[in-house]
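# Topology and contacts: notes
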Amino acid sequence: MNHIHKAHAIPVPSDSTLAPLYKGADLVDAYAIQLPAGASDDIEVLARAGFEQQAWWIRALTRARDMIMAPVGVKSSRAVGIAAAAQGTVIGFFPLQSKSLEELVMGADDRHLDFRLAIQQRAGAAGSRELVVVSVVHCHNLLGRTYLAAITPFHRVIARASLEQAARRVAPRASLI
């Protein structure tokens, strides 16, 4: 019987396509979770499992963020998603930037900050596989730095929760019994 492990902080991966963005970033972090045996190896399936249909508390935090930040001109998550969907693929409300077999990158640039999220799958201990999320943010001004300072504690919790959600959703049903 498999059980879902907890997501945990890891050193940022040097092999991520985001590695060139680490230098000078205002936020760089990475979290990983062991994937259950038999989980999909499709990186887009894994990303969608983690970042679409978020838990109620994540949706509530996102709505609060959107309402609080609207008066200062920060785009809502819905506006980011709609604009991105007009240009291409969206996962959750994040615009898809690039995709390979091992890594998928989402993110957007705005006047206050640029953000990127990379989702990687890689070999774990004893033949297992890990799902990794890497976040990189570059702030452009005081609004960006203030916004980032306010959301960073929530970001850390949401990043781990999104990985745990992905691992649960891609676990073969028989392994959850």
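Before reading on, note that the structure itself is shown above.
In what follows, the accompanying structure is described. (Residues numbered from 1 in each chain as written. Predicted model: local features only at pLDDT ≥ 70, side-chain atom pairs only at ≥ 80, totals over all residues. Heavy atoms only, no water.)

### Quick word on the packing of aromatic side chains
Aromatic rings in a pair are described by how distant their centres are and how their planes are angled relative to each other. Stated precisely, the cut-off is as follows: Note on ring pairs: Phe, Tyr and Trp rings are taken, using the six-membered ring of Trp, and paired if centres are within 6.5 Å. Classes follow the plane angle, with under 30 degrees stacked, over 60 edge-to-face and the rest tilted. In this description a helix means any DSSP run of H or I spanning at least four residues, a strand means any run of E spanning at least two, and both kinds are numbered starting from the N terminus.
Tallied over the full model, the rule gives 3 aromatic pairs. Aromatic pair Phe94 and Phe115: ring centres 5.8 Å apart, planes at 70°, arrangement edge-to-face. In this pair, Phe94 sits in strand β4 (residues 94–99) while Phe115 sits in strand β6 (residues 113–123), placing the two residues 21 residues apart along the sequence. One aromatic cluster is present, formed by Phe51, Phe93, Phe94 and Phe115 through successive ring pairs.

### Quick notes on the packing of helix α1 (residues 43–51) against helix α4 (residues 142–170)
Quick reminder of the rule: Axes here refer to lines fitted to C-alpha atoms; in helices the fit is confined to the stretch in contact. Angles between the N-to-C directions go from 0 to 180 degrees. These descriptions rest on fixed angle ranges, namely under 35 degrees for roughly parallel, over 145 for roughly antiparallel, 65 to 115 for roughly perpendicular, and the rest for oblique. Put simply, a crossing is left-handed when the front helix is turned counterclockwise from the back one by less than a right angle, and right-handed when it is turned clockwise. Here, residues are in contact when the closest pair of their heavy atoms is within 4.5 Å. Three classes are used: nonpolar for Ala, Val, Leu, Ile, Met, Phe, Trp, Tyr, Cys and Pro, charged for Asp, Glu, Lys and Arg, and polar for all others, with Gly counted as polar.
As a packed pair, α1 and α4 sit with axes 7 Å apart at the nearest point and diverge in direction by 120°. Taken together, the axes of α1 and α4 lie oblique to each other. The handedness of the crossing between α1 and α4 comes out as right-handed. Contacts from Val45, Leu46, Arg48, Ala49, Gly50 and Phe51 in α1 reach Ser162, Gln165, Ala166, Arg169 and Val170 in α4. Per-class residue counts for the contact of α1 with α4 are 6 nonpolar, 3 polar and 2 charged.

### Section: the sheet that holds strand β5 (residues 103–109)
Heads up, the condition is: The rule for pairing is simple: two strands pair if DSSP sees at least two bridges between them.
Spatial ordering of the open sheet is given by β1-β2-β7-β6-β5-β4-β3, a layout of 7 strands whose pairing is antiparallel. The open sheet has two edge strands with one neighbour each: β1 (8–9) and β3 (90–91). Relative to β6, α1 is tilted by about 120°, and along the sheet it contacts β3, β4, β5, β6 and β7 (129–139). Contacts between α4 and the sheet are confined to β2 (27–34), β6 and β7, with β2 contributing the most and set at about 10° to the helix.

Everything listed is a geometric property; what it means functionally is a separate question.
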